[in-house]
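Structural overview
So the chains spell out like this:
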Amino acid sequence: MKAIRTDSEISAIAESCEIAALVLQDLVHLTVEGISTYDLDQIGKEKMAQYGAKSACYNYRHGANIFPAYTCISINEEIVHGIGRIDRMVQNGDIVSLDVCVSYNGYIGDNAKTIAIGSVDTKIENLLEDTENALRKGIECARAGNRVGDISNAIESFIRPKGYGIVRDFVGHGVGKTMHELPQIPNFGKKNTGPLLKPGMALAIEPMINLGSPNIRFLEDGWTAVTADKQPSAHFEHTVLVTDGDPKILTKVKN
Ligand code: MF3
Ligand code: CO
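Everything numeric in this text was worked out from a predicted model, so none of it was measured. Numbering of residues starts from 1 in every chain and runs along the sequence as written. Chain letters and ligand numbers both follow the written order, the letters beginning at A and the numbers at 1. Two thresholds apply to this predicted model, a pLDDT of at least 70 for residue-level local features and 80 or more for giving and counting side-chain atom pairs, whereas whole-chain, interface and lining totals are computed over all residues. As a rule here, side-chain values come from all non-hydrogen atoms in the structure, and water together with hydrogens is ignored.

We now examine the state of the cysteines. When two cysteine sulfur atoms lie within 2.5 Å, the pair is treated as a disulfide. Throughout the structure, instances matching the rule amount to 0 disulfides. Cysteine 141 takes part in no disulfide bond, and the closest cysteine sulfur to it belongs to cysteine 17, at a distance of 20 Å.

Okay, here's the thing in structure tokens:
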């Protein structure tokens, strides 16, 4: 597998990741009751341009489908790949998943998080906290000498006892010049299986966890994945570098 990046690729990916993190941070602050998801998406587009980057989602092709938005904004039972709409206002009690994937100097940076608007049920608050902690558990295993299955298993074994549904239809992935490179990183799996992790791999790890059943459907737009039982879903993602030592989260805002 050609997933080991050169030093110059790693610095390019790191720059792209920092921009992705800045744009995500901006969007998190702007996601308030009353704003439309279309406006949020447009702001995302403008912020990317301000940082000299482009959306990696816009015009992304999957079969005959072309993604029409600049970010992915998915509310409540929407899992991932939601498309901003002028008539979809953020409301008190919503959870909003913001997914920002940019291309800068030819390399990708990818991150996402789910935030609560105003007050939400304790069980939904817990879903967000547990999904973010599942991501941390996965990242902790992104170490040279481990295998992809160790990341997958860390996420699954943290989440499964809590009774949530782990989405199986989408997976984490390597990042490089394109958004979805090898290795694929499922959010479930067995320890000590799958591709060996080596220093220089840049991995987007992204648990998508449902309050209820793991099953999904697609909306008529052909993109938005929703939970089959319409219960809420959370999504947290970082792009992480495998090193000789500790895993390095690249999608971080530097101070
Ligand atoms: N972070 C998302 C992913 O890895 C970005 C998808 S953009 C889309 O799948 F164009 F595919 F929607
Ligand atoms: Co991703």
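Glancing now at the packing of helix H3 (residues 122–140) against helix H4 (residues 148–159). Every axis in this analysis is a line fitted to C-alpha atoms, fitted for helices over the stretch in contact. Angles between the N-to-C directions lie between 0 and 180 degrees. Secondary structure is summarised from DSSP: a helix means a run of H or I of at least four residues, a strand means a run of E of at least two, and numbering begins at the N terminus for each. Remark: H3 packs on H4, axes separated minimally by 8 Å, with the N-to-C direction vectors making an angle of 150 degrees. Taken together, the axis directions place H3 and H4 in an arrangement best described as roughly antiparallel. Every pair of crossing elements has a handedness; the one defined by H3 and H4 is right-handed. For the pair formed by H3 and H4, the contact residues are Asp130, Asn133, Ala134, Lys137 and Gly138 on the first element and Ile151, Ala154, Ile155, Phe158 and Ile159 on the second. Classifying every residue of the contact of H3 with H4 gives 6 nonpolar, 2 polar and 2 charged. Here roughly perpendicular refers to angles of 65 to 115 degrees, roughly parallel to angles under 35, roughly antiparallel to angles over 145, and oblique to all remaining angles. When the near helix sits turned anticlockwise from the far one by under a right angle, the crossing is termed left-handed; a clockwise turn instead gives a right-handed crossing. We call two residues in contact when some of their heavy atoms are within 4.5 Å. When residue character is reported, Ala, Val, Leu, Ile, Met, Phe, Trp, Tyr, Cys and Pro are called nonpolar, Asp, Glu, Lys and Arg charged, and the others, Gly included, polar.

Glancing now at the site of ligand 1. Every residue lining ligand 1 is accounted for by Cys57, Tyr60, Phe67, Cys72, His81, Asp99, Asp110, His173, Met179, His180, Glu206 and Glu237. Polar contact criterion, stated in full: a pair of N or O atoms within 3.5 Å, where within protein one must be able to donate a hydrogen and the other to accept it, and residues adjacent in sequence count only if both atoms are side-chain atoms. In the environment of ligand 1, an oxygen atom lies 3.0 Å from a nitrogen or oxygen atom belonging to the side chain of histidine 180. When isolated, ligand 1 has an accessible area of 340 Å², and the protein chains bury 97% of it. Classifying every residue of the shell around ligand 1 gives 5 nonpolar, 3 polar and 4 charged. Any residue with a non-hydrogen atom lying within 4 Å of a molecule or strand is treated as near it. Here the accessible surface of atoms and residues is derived via Shrake-Rupley with a 1.4 Å probe, and residues count as covered only by protein chains that are part of the display.

What follows concerns the pattern of salt bridges. Any two side chains of opposite charge can pair if their charged atoms end up close together. What counts as a salt bridge is simple: a side-chain nitrogen of Lys or Arg found within 4 Å of a carboxyl oxygen of Asp or Glu. This model, assessed by the stated rule, comprises 9 salt bridges. We note a salt bridge from arginine 143 to glutamate 140, for which the minimum N-O separation is 2.7 Å. For the salt bridge of glutamate 156 with arginine 160, the shortest nitrogen-to-oxygen distance reads 2.8 Å. Throughout this description, buried means an accessible area under 20% of the type-specific maximum (1.4 Å probe, protein chains only), exposed means over 50%, and partly exposed covers the range between. Judged by its relative accessible area of 16%, glutamate 156 is buried. Judged by relative accessible area, arginine 160 falls into the partly exposed class, the value being 42%. Overlapping salt bridges, with partners in common, bring together Glu140, Arg143 and Asp246 in one network.

What follows deals with the coordination of the cobalt ion (ligand 2). Each protein donor to the cobalt ion (ligand 2) is listed here as Asp110 (OD), His173 (NE2), Glu206 (OE) and Glu237 (OE); together their distances run 2.1 to 2.3 Å. Only N, O and S atoms count as donors, using a 2.8 Å limit from the metal and a wider 3.2 Å limit for Na, K and Ca, and since water is excluded some coordination spheres may look unfilled. Donor residues binding the cobalt ion (ligand 2) come from one chain and are separated in sequence as D-x62-H-x32-E-x30-E. With a gap of 33 residues between them, histidine 173 in strand S9 (residues 172–174) and glutamate 206 in the loop between strand S11 (202–205) and strand S12 (208–210) connect regions that are remote in the sequence.

Functional significance is not addressed by these values, which are geometric in nature.
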